[in-house]
Amino acid sequence: MAVLLVTNDDGIHAAGLAALAAALDDLGEVHVLAPEREQSACGHALTLHRPLSVHRWGERRHSVNGTPSDCVNLGVLGFLPERPVLVVSGVNHGSNLGDDVTYSGTVSAAMEGTLLGVPSIAVSLVEGDELEHAARVARHVAMRVLVEGLPPMTMLNINVPTGVPKGVRVTRLGHRVYSGKIVEQADPRGRPHYWIGAGPPAWDALDGTDMGAVHEGYAAVTPLHLDLTHHRALAQMTEWEPALNAALRARPRGERAPASAAAPSNAASRASASATSRDAASRPSAAPPAQPKRTRKRRRA
Ligand code: MN
């Protein structure tokens, strides 16, 4: 039976994780490998500065003292009896919509699976604790992915609204409007501290976006591409290359051309160039001052 890896960022004891594992149970051999503590908003962090330990909670159920991406790394690269055919992360308690996906531990777990070559899905419940609908949507999307596969470097991000979804919409990411300001307060000793991420979220156009779909009561399924290269910008910017190279080759202002030993040099400029060359000029028999060896080739490179 094919191995499925289920993880999350809310921790091994989260209700959303159990609901997801139960919903996928008959699609394969489900293994749960999740952080021992909540890691929400941890992003794509990996633990590289200390070893990871794994705690066994039951058959095919383990926690890791690390991040969601750590769990996926362990699961895909050898901790499980075989390489999983699917990674599903969630069900997260709270939405992971639009630009917020870059902060999300839930989404990052699916990104990690994708980067390791395993089709991966992230699932979030926008609000409330009616997990069964989100788990059900996840199950249907997972079945589809197991049959159809996903394009290379592509993962799916699912957000399910409160209550029974009216249906599913395949969407693009919405974009936040950053109207909020930092909130400055004073601690009891009068020292300032700051809150970020305060204020109600605002979004630009809702049409066709994940935010819009959820707002209208639909589950949003957004394909995300992990090749972050902007290929159109790349094509446009190739003309930057010669200009940047010319600028890098140009001497910083005020720096004189190094007097090459071979090249005939102007005595006056050599005399004023440095103490060394002044010394050399006053001793006509001395060899020309040694200069840092810079080949013409290097300067042209
Ligand atoms: Mn979370």
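Residues numbered from 1 in each chain as written. Predicted model: local features only at pLDDT ≥ 70, side-chain atom pairs only at ≥ 80, totals over all residues.

### Points about the environment of glutamine 39
Step number 1: Tracing the backbone shows glutamine 39 in the loop between strand E2 (29-35) and strand E3 (54-58).
Step number 2: The spatial distance from the C-alpha of glutamine 39 to the C-alpha of serine 104 is 9.1 Å, given a sequence separation of 65 residues.
Step number 3: Non-local contacts of glutamine 39, meaning those with residues more than four positions away in its chain, are made with Asp9, Thr67, Pro68 and Gly105. (Helix = DSSP H or I, 4+ residues; strand = E, 2+ residues; numbered from the N terminus. Contact = placed C-beta atoms within 7 Å.)

### Focus on the pairing of strand E10 (residues 183-186)
Step number 1: Where E10 and strand E11 (residues 192-195) come together, four bridges link them in antiparallel fashion. Along E11, the bridge assignment pairs alanine 186 with proline 192.
Step number 2: Connecting E10 to the next strand, E11, in antiparallel fashion are five residues, including glycine 190 with a positive phi near 85°. (Pairing = 2+ DSSP bridges.)

### Structural notes on unusual backbone geometry
Most peptide bonds take the trans form, and the phi angle of most residues other than glycine is negative.
Step number 1: The peptide bond linking glycine 90 to valine 91 adopts the cis configuration, its omega dihedral lying at -15°.
Step number 2: Along the chain, valine 91 falls in strand E5 (residues 86-93).
Step number 3: Backbone geometry places alanine 41, a non-glycine residue, at a positive phi of 65°.
Step number 4: Mapping alanine 41 onto the fold places it in the loop between E2 and E3.

### A few points about the nonpolar core
Side chains that are nonpolar tend, in soluble globular proteins, to be buried together.
Step number 1: Counting residues in each nonpolar core, the largest one holds 51 residues, and the members touching the most others are Val6, Leu20, Val88, Ile121, Ala138 and Ile158.
Step number 2: Not counting residues within four places of it along the chain, the set of residues in contact with alanine 138 comprises Leu20, Ala23, Val88, Gly90, Val91, Ile121, Val123 and Ile158. (Core = buried A, V, L, I, M, F, W, Y, C linked by C-beta atoms within 7 Å. Buried ≥ 20, exposed ≤ 12 C-beta atoms within 10 Å, placed from the backbone.)

### Some words on the packing of helix H1 (residues 15-24) against helix H4 (residues 131-148)
The description of two packed helices rests on the angle between their axes and on the distance between the axes.
Step number 1: It is the contact of H1 with H4, at a shortest axis distance of 9 Å, that shows an interaxial angle of 40°. If you check the angle between H1 and H4, you find them oblique. Taken as a pair, H1 and H4 cross one another with a handedness that is right-handed. Across the interface between the two elements, Ala15, Gly16, Ala19, Leu20, Ala23 and Leu24 from H1 touch Leu131, Glu132, Ala135, Arg136, Ala138, Arg139 and Ala142 from H4.
Step number 2: Of the residues belonging to the contact of H1 with H4, the class tally is nine nonpolar, one polar and three charged. (Axes fitted to C-alpha atoms, helices over the stretch in contact; angles between N-to-C directions. Parallel < 35°, antiparallel > 145°, perpendicular 65-115°, else oblique. Left-handed = near helix turned anticlockwise from the far one by under 90°. Nonpolar A, V, L, I, M, F, W, Y, C, P; charged D, E, K, R; others polar.)

### Points about the pairing of E5
Step number 1: When you tally the buried positions in E5, you get eight out of eight residues, the bulk of the element.
Step number 2: Note that strand E1 (residues 3-7) and E5 share four bridges and pair parallel. Its bridge partner being in E5, threonine 7 is matched across the sheet by serine 89.
Step number 3: Bridge count between E5 and strand E6 (residues 120-125): five bridges; the pairing is parallel. Pairing of valine 87 across the sheet is with serine 120, part of E6.
Step number 4: Taken together, E5, helix H3 (residues 105-115) and E6 constitute a β-α-β crossover, and its handedness is right-handed. (Right-handed = clockwise from strand over helix to strand, strands pointing away.)

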